[in-house]
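Structural description and commentary
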Amino acid sequence: MADTTLSRNTICVQGGYTPGNGEPRQIPIIQSTTFKYDSSDEMGKLFDLEADGYFYSRLANPTCDHVAAKITQLEGGTAGMLTSSGQAANFFALFNICNAGDHIVSSSSIYGGTFNLIAVTMAKMGITATFVSPDASDEELDAAFQPNTKAVFGETIANPALTVLDIERFAAAAHRHNVPLIVDNTFATPINCRPLEWGADIVTHSTTKYMDGHGGCVGGAIVDGGRFDWMAHADKFPGLTTPDDSYHGITYAERFGMGGAFITKCTAQLMRDFGCTQSPVSAYMLNLGLESLHVRMARHCENGQAVAEFLASHPKIAYVNYCGLPGDKYHAAAQKYLPNGSCGVVSFGVKGGREAAAAFMGHLKVAAIETHVADARTCCLHPASSTHRQMTEEQLLAAGVQPDLVRMSCGLEDKADLIADIAQALDKI
Ligand SMILES: *Cc1c(COP(=O)(O)O)cnc(C)c1O
């Protein structure tokens, strides 16, 4: 099913796996750590990346590969891989091309976990970062680059600030400085936006969110668009363009070309050494979610839009962030990048600040308080006291998180029930 003319709706259902005669209709769960060979020679070829095949599930597993292939097709990429989590996906995507002494330009409006990863943990590894506003001008963007910059990072729809990345402009800035743009497309999903079509080079996902969609499995994915020419900037990316001593002198960009080098290196080196694999059972469950992604996203967006409109008209609400609202700062960007809808996540401030927000959340009955977003059940969270509590007041504001901000992830329930629940909770405060 490598047919690229198929609609994303059909890829959701059938992509990544085509059974042969008499084979299972559903993707089989290959729950095996290891694979048997008749000779050591054959296995040796796999270790040298000279032959295709499986030998150990830390590096590759057929179930995971089918699901990765589906996500790759959905994003319109050339190669992809699953990881154990979204955190692992973003870390691998960045660390695959950044060494100690290198530098990243990142949007400041990103997920709290990714902010910690880049600003704190990767800094300990000697990789520094400059954070720029998602609204930065071209001049401000250009000024953020250094000679050692190796990547630009942003989120299509940022969690939780819900800013919309100007992907085309960020890609152009990255390419002016000869580095790739990596976009975390978790909230939009490839149903609502394909960043590769707007110039991004690599896409990452927390598949934990809409792709799984049922709050069942933590997971991540990386997809390469195959259009970044590593060899043209060989001096910047020696890991891809010079021989890998840990793989018998393979040069990834030469052996696997633009379409395959990034993911092959990421699997062969980072998965081998860090082992952040997704289990075959998790991949199987992720695929069940993917089979209905296109159906679910439309309902998430319908519910998000209805809840946002209700909140925007309510006297006890201070502000609403939802790019589907005509007055939203990112409405024009959403019309360009997300013409079919954005996502089911709405964020807003309750008049009365932090205390009022907490009281409001305590009165909700249908929506549950959870550290989660983007699953079938509506849930809400106060980021400043949970996911983003490590941040200083200044960092919070740069990430677009006001202290009174409530993030509500609209699930797949009936929108009238969601609105009634919010209305009764607001009445009580
Ligand atoms: C949740 C999330 C992550 C982290 O993913 P995990 O699967 O929780 O590790 C990364 N980016 C975004 C945008 C997220 O929402």
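All figures in this text were calculated on a predicted structure; none of them were measured in a lab.

**So, the sheet that holds strand 4 (residues 149–155)**
Read from one edge of the open sheet, seven strands run 1-7-6-5-4-2-3, paired in mixed fashion. A single partner strand is all that each edge strand has here, and the edge strands are strand 1 (79–83) and strand 3 (128–132). In this sheet, neighbouring strand axes are inclined to one another by 20° on average, regardless of whether the strands run parallel or antiparallel. Of the pairings in the sheet, the one linking strand 2 (residues 103–107) to strand 3 comprises five bridges and is parallel in character. Within the sheet, the bridge partner assigned to Ser107 lies in strand 3 and is Val132.

**Comments concerning the pairing of strand 8 (residues 317–321)**
Of all five residues in strand 8, four are buried; the element is thus mostly enclosed. In this sheet, strand 9 (residues 345–350) lies alongside strand 8 in antiparallel orientation, the contact comprising four bridges. Within strand 9, the position partnered with Val320 by the bridge is Phe348.

**Focus on the pattern of salt bridges**
Considering all chains together, one arrives at 11 salt bridges under this definition. For Asp142, the salt bridge goes to Arg176, with nearest N and O atoms at 3.1 Å. Residue Asp142 is located in helix 6 (residues 138–144), and its partner Arg176 is located in helix 7 (residues 167–176); the two are separated by 34 residues in the primary sequence. Residue classification places Asp142 among the partly exposed residues on the basis of a relative accessible area of 29%. Two residues, Asp375 and Arg377, come together in a salt bridge whose shortest N-O distance is 3.4 Å.

**Structural notes on the packing of aromatic side chains**
Note on aromatic pairs: each is described by the distance of the centres and the angle between the planes. Counted under the stated rule, the structure contains 15 aromatic pairs. Ring centres of Phe91 and Phe95 lie 5.1 Å apart, and the angle between their planes is 20°; on these two criteria the pair is classed as stacked. Here the residue Phe91 and the residue Phe95 both occupy positions in helix 4 (residues 86–95), the gap between them amounting to four residues, near one helical turn. Accessibility expressed as a relative area gives 11% for Phe91, which makes it buried. Arranged with centres 6.4 Å apart and planes meeting at 25°, the rings of Tyr252 and Phe256 form a pair that is stacked. Taken together, the positions of Tyr252 and Phe256, both in helix 10 (residues 252–274) and four residues apart, correspond to about one turn of that helix. Grouped by ring-pair contacts, the aromatic residues Phe91, Phe92, Phe95 and Phe274 constitute a single cluster. For the cation-ring pair, Lys209 lies above Tyr111, with the distance from its terminal atom to the ring centre recorded as 5.0 Å.

**Here we look at a nonpolar patch on the surface**
On the surface, a nonpolar cluster with roughly 300 Å² of combined accessible area is contributed by Ile29, Val281, Met285 and Leu288. By the element assignment, Met285 lies in helix 11 (residues 280–290).

**Comments concerning the domain arrangement of the protein chain**
Once the domains are mapped, the protein chain shows domain 1 (20–288) and domain 2 (296–427). Tallying the contact residues gives 36 residues for domain 1 and 40 residues for domain 2. Across the interface of domain 1 and domain 2, roughly 2,900 Å² is buried in total on both sides, 61% from carbon and sulfur atoms. On the surface where domain 1 and domain 2 come into contact, there are two salt bridges. Ionic pairing is found between Asp135 and Lys329, a salt bridge with its closest N-O pair at 2.8 Å. For the pair domain 1 and domain 2, the interface holds 15 residue pairs in polar contact (both at pLDDT 80 or more). Listing elements by their share of the side of domain 1 that touches domain 2, those giving two or more residues are helix 5 (112–124), helix 7 and helix 8 (189–192).

**Side note on the site of the ligand**
What surrounds the ligand is a group of 16 residues, the closest being Asn159, Asp184, Ser206, Thr208 and Lys209. Between Gln87 and the ligand, the recorded distance is 2.9 Å, taken from a backbone N or O atom to an oxygen atom. At 2.8 Å from an oxygen atom of the ligand is found a side-chain nitrogen or oxygen belonging to Ser206. For the ligand, the protein covers 93% of the area, taking 380 Å² as the surface of the free molecule. When residues of the shell around the ligand are assigned to their parent elements, the largest contribution, three residues, is made by helix 4. For the shell around the ligand, the class distribution of residues is three nonpolar, 10 polar and three charged.

**Some words on the pairing of strand 6 (residues 202–206)**
Where burial is concerned, most of strand 6 is hidden: five out of the five residues are buried. Of the two faces of strand 6, the one carrying Ile202, Thr204 and Ser206 and the one carrying Val203 and His205 are both buried. Relative to strand 6, strand 5 (residues 181–184) is paired through three bridges, and the arrangement is parallel. Bridging from a neighbouring strand, Asp184 pairs with Thr204 of strand 6. Relative to strand 7 (residues 220–224), strand 6 runs antiparallel, the two being bridged by five bridges. Residue His205 lies in a different strand from strand 7, and its bridge partner there is Ala221.

**Things to note about the nonpolar core**
Soluble globular proteins: nonpolar side chains tend toward being buried together. By size, the foremost hydrophobic cluster in this structure holds 102 residues, and its most contacted members are Ile71, Leu82, Ile97, Leu181, Ile222, Trp230 and Leu338. Considering each element in turn, this core owes the most residues, nine residues, to helix 10. Counting 24 residues, the second largest nonpolar core, distinct from the first, contains Ala308, Ala357, Met408 and Leu426.

**Overview of the sheet that holds strand 12 (residues 405–409)**
Read across the open sheet, the five strands follow the order 8-9-12-11-10; overall the sheet is mixed. The open sheet is flanked by strand 8 and strand 10 (368–369), the only strands paired with a single partner. As judged from the two bridges shared by strand 10 and strand 11 (residues 379–381), these two strands associate in the parallel manner. Directly across from Ile369, in strand 11, lies its bridge partner Cys380. Across the sheet, helix 14 (residues 353–363) touches strand 9, strand 10, strand 11 and strand 12, and the angle it forms with strand 9 is around 125°.

Rules and cut-offs
- In this numbering scheme, every chain counts its residues from 1 along its sequence in written order.
- Local features in a predicted model are, by the rule used here, given only for residues with pLDDT of at least 70; side-chain atom pairs are given and counted only at 80 or more, and totals for whole chains, interfaces and linings are based on all residues.
- Hydrogens and waters are ignored; side-chain quantities use all the structure's heavy atoms.
- In this description, strands pair whenever DSSP reports at least two bridges between them.
- A run of H or I in DSSP counts as a helix once it spans at least four residues, and a run of E counts as a strand once it spans at least two, with each numbered from the N terminus.
- Helix axes are fitted to C-alpha atoms over the stretch in contact, other axes to C-alpha atoms as well, and angles between N-to-C directions run from 0 to 180 degrees.
- Relative accessibility decides the category of a residue: with a 1.4 Å probe and only protein chains considered, values under 20% of the type maximum give buried, values over 50% give exposed, and everything between is partly exposed.
- Salt bridge, as used here: a side-chain nitrogen of Lys or Arg that lies within 4 Å of a carboxyl oxygen of Asp or Glu.
- Pairs were defined over the aromatic rings of Phe, Tyr and Trp, the Trp ring being its six-membered one, requiring ring centres within 6.5 Å. Orientation was assigned from the angle between planes: stacked under 30 degrees, edge-to-face over 60, tilted for the rest.
- Whether a charge sits over a ring depends on NZ of Lys or CZ of Arg being within 6 Å of the ring centre and within 35 degrees of the ring normal.
- Patch membership requires over 30% relative accessible area and the absence of a salt bridge. Like charges are linked within 9 Å, and nonpolar side chains (Val, Leu, Ile, Met, Phe, Trp, Tyr) within 5 Å.
- Using a 1.4 Å probe, the Shrake-Rupley method yields the accessible areas, and only the shown protein chains count as cover for residues.
- Note that the domain bounds were set by an automatic or database domain assignment.
- Only heavy atoms matter for contacts: two residues are in contact if any of them lie within 4.5 Å across the pair.
- The term buried area denotes the loss of accessible surface (1.4 Å probe radius) that occurs when two parts are joined, taken as the sum for both partners.
- Under this definition, polar contacts are N or O atom pairs within 3.5 Å; protein pairs additionally need one hydrogen-donor-capable and one acceptor-capable atom, and for neighbouring residues in sequence, both atoms have to be side-chain atoms.
- Residues are counted as near a molecule or strand when any one of their heavy atoms sits within 4 Å of it.
- Ten residues, namely Ala, Val, Leu, Ile, Met, Phe, Trp, Tyr, Cys and Pro, are considered nonpolar, four, namely Asp, Glu, Lys and Arg, are considered charged, and the remaining ones, Gly among them, are considered polar.
- Among the buried residues, those of types Ala, Val, Leu, Ile, Met, Phe, Trp, Tyr and Cys that are joined through side-chain atoms within 4.5 Å form a nonpolar core.

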